[in-house]
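# Descriptive structure summary
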Amino acid sequence: MALTTSLSPATPLLQANALNPLGWTDDQILEKVYITHVHTAERYDVESLFNVTSNIIKRATTVADSVVVTTGTPVGVIEDKVALSTFDSPFLKLKHIASQMMNTPHGEHHAHQTAMSILEQLRSYTWDGKAILVLAALALEYGNFWHLVQVPGGDHLGRSLAQMNRVHIVERNRQAVADYNRLVKNLLIAVECITELERLSTKGYDLKEVPALAEAMQEIPVAVYWAIVTTVVCASRFDFLLGESDDRYEIANFDDKLAAVISKLKANLTRSRKKIGDLEDYWRRKKVLQTPTEIVEVLKVLIYHNEVHDPHVYDGSAGRMVSIDVFRKKHVLLFISGLDSIKDEVLLLQSIDEGLQGDPKEVKGYRKEDFKILWVPIVDEWNLLHRAEYESLKLVMPWYVVEYFYPLAGIRLIREDLNYKNKPIIPVLNPQGRVVNNNAMHMIFVWGMDAFPFRPSDDDVLTQKWNWFWAEMKKVNPKLQDLLKADSFIFIYGGNDKNWMQEFTQAVEKIKRHEIIKRADAMIEHYPFGREDHRIVPRFWVGIESLFANMIQKTHKDPTIEEIKSLLCLKQEQPGWVLLSKGSNVKLLGNGEPMLTTAVDFEIWKDKVLEKAGFDVAFKEYYEVKRRNLGEPCAHMQLANYPADILHPIYCPNTSCRRSMEIASVSYKCCHGHPQTKAEVPEGGNVMIEKKYDS
C-alpha cells in the first residue's frame, strides 16, 4: 500500500514526459503523424494564403524588432505577392485554429496534443497546406497585435483596441519580445522551406535523379509536425510576450529543435536545387545535341560550362590557342579518349590527318579541307601527373585539342548519347552538328583514308567492295576461308613470271620473320595463287570475266566494277599482280614490280610500321612512291566470251586517268563452227576484245 502511495504523485509527471515530443525520434513522430494524413489533397489556394501570411509576419517581426532596439524605425516597403482584392481568406478556420492554439495549457505534452488535433482537422490538406494554415492562424493574431502597436494617436478605436490587447506592456519586456520574435521568424523560414520543397516535388522530376528531394519528401511530414507544434507553443505563450510568464526555457528548446529541422530542410533544398539546376542544364544540352543546327553549339554543350563564353581549343599544327569557331561549317571527327594506352589510335589519326592534307582534295563530293579532328580528353580529376601526360600527348597531335582542365559539362551526354564507355571512340559530326557516325574508329582502323568521309554507308560499301573476289577465290580454293578467319595480313599474288613469284615469296617470308613485325604484333601470311594447283587459275579468271561481262550490261553500274577492271588489267601486266588484305578487308591491289620492290626494301621503311597506323599503311605509303617512280604502264584488258552485240565503252581503271580505253584489236569466233572472215560478223557471235590505254 505504501509503495502504491509513493508512486501515485509521480504518475502524471511520467505521463507528461512520455508525451513530450522533444524526446522522440523522427521515426516515432512519423508513425504518429502519418496516420492523420489522407491523400485526397483538398484543393485550396495555399500559395496565396502563404504569400499573405508571409507579408504579415515580415511586417510584424520588423515592427517587433524596432521595439526591441527602441529605434522606432518605420516598417520598410514589403511588396504584396498577391492582390488582396482577389484573396479569399479562410477566416473562420483560421480563427478556430488560433483559438485552439492560444487556449492550449503550458507544457510540451499539451502542445503535442493540440498539434495532433489540428492535424486531424487538416487531414485532407497537402503537407505544406497544413503548415501554412497553422502559420496563417498565428499570423492573424500576431499581425493584429503588432499592428496595434503602430496605431496613431488620433485613431481612438485603434487606441482602445491597443489598450485592450495590452500592447503598451511590450516595451517593458524587450528580451522576451526578441526571443519570441526570433522563433516566429524561424517558423516562417521553416514553412518557406517546406513549401518550396513541395513545389519542387510537383514539377515532375524523377526522384531517382534528385535523391535530395526524395530524402526531403520523406522528412516533410516530420518537419510539418515540428512547424505546427512550435506554432502551437508560440500561440499559447502570448503571456510570455506580455511578461506574465517566464517560459524562456521551453521556447528556447523548441527554437533549438526548429533550428535543427530548418538546417536539414535547407541542406536538402540546396542540394535539390543544385541537382535540379544540373538536370535542367543537362536537358538543355541534350536538346541541342538531339536537335542540332550548328556544329560549334554542339561542341560547346559537350565540353564547356555556361560560364565559358568564348571557348578556345589548341591548334596542334600552329601550336597556339584558337577560337572554337574554326569548326564552323566543318565536319568534325571527335576523338574521345582517356590519357592511357592511346598510342595506336594516335598513330591511326596521324595517318588520317596526313590523308586529309593530301590529294585528291575532293572525294565523293566532300572536300577534305572541310574535315577536322578534335581530341576530347576524358579525365575525372586533373592533377599534375594527368597534366604532364596530357602535355606529352598533345605534342604528337597535329590536329585540334581541347584544353579545358575541368570536368566536361556534357560528360553525361558523351557517355549516354555518344556511348563513350572508357574506350576511345571517334563519332563523326556534320556541319549542322548531327552525329552521322556514332563511332568511326573501327572503319578507320580497317580502311584508313579509304573510309573517307567516314559515313556508315562508306564502311558498308568498302566491306562489300571485294565480296566478288573472295567469292571466286573460295570457289577454286575453299581452304582460303581458314586463312581469312585469322584476320592476318595476307598477300595473294599471281602471274606467269616464276622468278618474280619466287622472289616475292622470299621477300614476304623475310618480312614475316622480322623483329619489327613481332613488335608491331602483326601476323603476315602469303598465298601464291596457283602454285599448288595451276588448274584453278583459268577457272578463277573465267569466273571474273563472266562477272564483268554481266555487270557491264547492267543499266545501273555496280560500283565494284572498277575493282574488277583493275584486276583484269593487272592480269595482263608483267611480271604479275599482288593483293594485300587484312582478313577479308582488301587494303591494296597493285602491279608486281613495285610490289616486289616495296617488299624487298622493307629495311628502308620498317620503322614506319611502328610510326604509322599499322603494317598495311606503311606498306601502301612506300608502294605509292615506288609506283609513281616507275611510271604508269599501258592498261590492257582482254575479255574472252564477251557478247559481240554489247560493245560498251570501258574506262581506264587508273584513278588518275579514267579516259575511255581504245579497242586495240578484236578477234571474232563464229558460233556455228564454219570459218568466217573478219568482215562477216555473225549476230550473237562471241568475241575476244583487247582494250588498252597509253597513260
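For the structure itself, consult the block above.
The present account deals with the structure reproduced in this document. Keep in mind the model is a prediction, meaning the values are calculated, not measured. (Residues numbered from 1 in each chain as written. Predicted model: local features only at pLDDT ≥ 70, side-chain atom pairs only at ≥ 80, totals over all residues. Heavy atoms only, no water.)

### Overview of the overall build of the chain
- Broken down by element type, the chain carries 28 helices and 16 strands.
- The proportion of buried residues among the 695 residues of the chain is 48%.
- Sequence-distant contacts in the chain: of pairs separated by 6 or more residues, those separated by 24 or more amount to 72%.
- As displayed, the chain offers around 35,100 Å² of accessible surface, 52% of which is attributable to carbon and sulfur atoms. (Helix = DSSP H or I, 4+ residues; strand = E, 2+ residues; numbered from the N terminus. Buried < 20%, exposed > 50% of the residue type's maximum accessible area, 1.4 Å probe, protein only. Contact = heavy atoms within 4.5 Å. Areas by Shrake-Rupley, 256 points an atom, 1.4 Å probe, with all protein chains shown as cover.)

### Focus: the packing of helix H19 (residues 467-476) against helix H23 (residues 536-552)
- Their axes nearest at 9 Å, the elements H19 and H23 cross at an angle of 145°. In this structure, H19 crosses over H23, and the sense of that crossing is right-handed. Counted together, Trp468, Phe469, Glu472, Met473 and Val476 of H19 and Ile536, Arg539, Phe540, Gly543, Ile544 and Leu547 of H23 form the full contact between these two elements.
- Of the residues belonging to the contact of H19 with H23, the class tally is eight nonpolar, one polar and two charged. (Axes fitted to C-alpha atoms, helices over the stretch in contact; angles between N-to-C directions. Left-handed = near helix turned anticlockwise from the far one by under 90°. Nonpolar A, V, L, I, M, F, W, Y, C, P; charged D, E, K, R; others polar.)

### Description of the side chain of Asn591
- Its location among the elements puts Asn591 in strand S13 (residues 585-591).
- Using a relative accessible area of 12% as the deciding quantity, one classes Asn591 as buried.
- In this structure the side chain of Asn591 is engaged in a polar contact, spanning 2.5 Å, whose partner is the side chain of Glu573.
- From its side chain, Asn591 meets the backbone nitrogen of Glu593 in a polar contact 2.9 Å long.
- Discounting residues that sit within four places of it in the chain, Asn591 has contacts with Leu570, Glu573, Gln574, Pro575, Gly576 and Tyr623. (Polar contact = N/O pair within 3.5 Å; in protein donor to acceptor, adjacent residues only side chain to side chain.)

### Let's talk about the pattern of salt bridges
- This model, assessed by the stated rule, comprises 37 salt bridges.
- Ionic pairing is found between Asp370 and Lys330, a salt bridge with its closest N-O pair at 3.4 Å. With a gap of 40 residues between them, Asp370 in the loop between strand S5 (366-367) and strand S6 (371-377) and Lys330 in the loop between strand S2 (320-323) and strand S3 (331-337) connect regions that are remote in the sequence.
- One network of salt bridges, in which partners are shared, links Lys330, Arg367, Glu369 and Asp370. (Salt bridge = Lys/Arg side-chain N within 4 Å of Asp/Glu carboxyl O.)

### Section: the sheet that holds S3
- Read across the open sheet, the seven strands follow the order S2-S1-S7-S6-S3-S8-S9; overall the sheet is mixed. The sheet is open, and its two borders are formed by S2 and strand S9 (435-437), each paired with just one other strand.
- Two strands pair when backbone bridges link them, and strand S1 (residues 312-315) and strand S7 (residues 400-401) are joined in this way by two bridges, in the antiparallel orientation. What sits directly across from Asp315, in S7, is Tyr400.
- Across the sheet, helix H14 (residues 343-357) lies against S3 and S6, angled at about 160° from S6, the strand it touches most. (Pairing = 2+ DSSP bridges.)

### Quick word on the sheet that holds strand S11 (residues 524-528)
- The sheet built from four strands is open, its strands ordered S11-S10-S12-S13 with mixed pairing. For this open sheet the edge positions go to S11 and S13, each flanked by a neighbour on one side alone. Across this sheet, the average inter-strand angle for adjacent strands is 15°, counted without regard to direction.
- Inspection of the sheet shows strand S10 (residues 489-494) paired to S11 by five bridges, in the parallel sense.

### Quick word on the packing of aromatic side chains
- Counted according to the given criterion, the structure contains 41 aromatic pairs.
- A centroid spacing of 5.9 Å and a plane angle of 85° characterise the contact between Trp468 and Phe469, whose relative ring orientation is edge-to-face. Per residue, the accessibility class of Trp468 equals that of Phe469, and both read buried.
- Of the aromatic side chains, those joined through ring pairs into one cluster are Phe489, Phe491, Tyr493, Trp500, Phe504, Phe602, Trp605, Phe615, Phe619 and Tyr622.
- In this structure, Lys394 packs its charged tip against the face of Tyr314, placed 4.1 Å from the ring centre.
- Just above the ring of Phe489 sits the side chain of Lys582; from NZ or CZ to the centre is 5.3 Å. (Phe/Tyr/Trp six-rings, centres within 6.5 Å; stacked < 30°, edge-to-face > 60°. Lys NZ or Arg CZ within 6 Å of the ring centre and 35° of its normal.)

### Regarding the nonpolar core
- Core analysis: the biggest nonpolar cluster contains 85 residues, and Met101, Tyr142, Trp146, Tyr180 and Tyr225 have the highest contact counts within it.
- Not counting residues up to four positions away in its chain, the partners in contact with Met101 are Thr114, Ile118, Val134, Ala137, Leu138, Thr231, Val232, Ala235 and Ser236.
- Ranked by size, the runner-up nonpolar core spans 32 residues in total, among them Tyr314, Ile352, Trp382 and Met443. (Core = buried A, V, L, I, M, F, W, Y, C linked by side-chain atoms within 4.5 Å.)

### Here we look at the environment of Ala190
- Tracing the chain through its elements places Ala190 in helix H9 (residues 174-201).
- Taking the C-alpha atoms as reference points, Ala190 and Val261, separated by 71 residues in sequence, lie 7.6 Å from one another.
- Dropping the residues within four chain positions of it, Ala190 is found in contact with Leu258, Ile262 and Leu265.

### A word on unusual backbone geometry
- The peptide bond linking Asp359 to Pro360 adopts the cis configuration, its omega dihedral lying at -5°.
- Topologically, Pro360 is positioned in the loop between H14 and strand S4 (362-363).
- Across the junction of Gln574 and Pro575, the peptide omega takes the value 10°, indicating a cis bond.
- Structurally, Pro575 can be placed in the loop between helix H24 (561-572) and strand S12 (577-582).
- In this model, Lys364 sits at a positive phi of 55°, which is unusual for a non-glycine residue.
- Here Lys364 lies in the loop between S4 and S5.
- For Asp521, which is not glycine, the phi torsion reads 55° and is therefore positive.
- One can find Asp521 in the loop between helix H22 (515-519) and S11.

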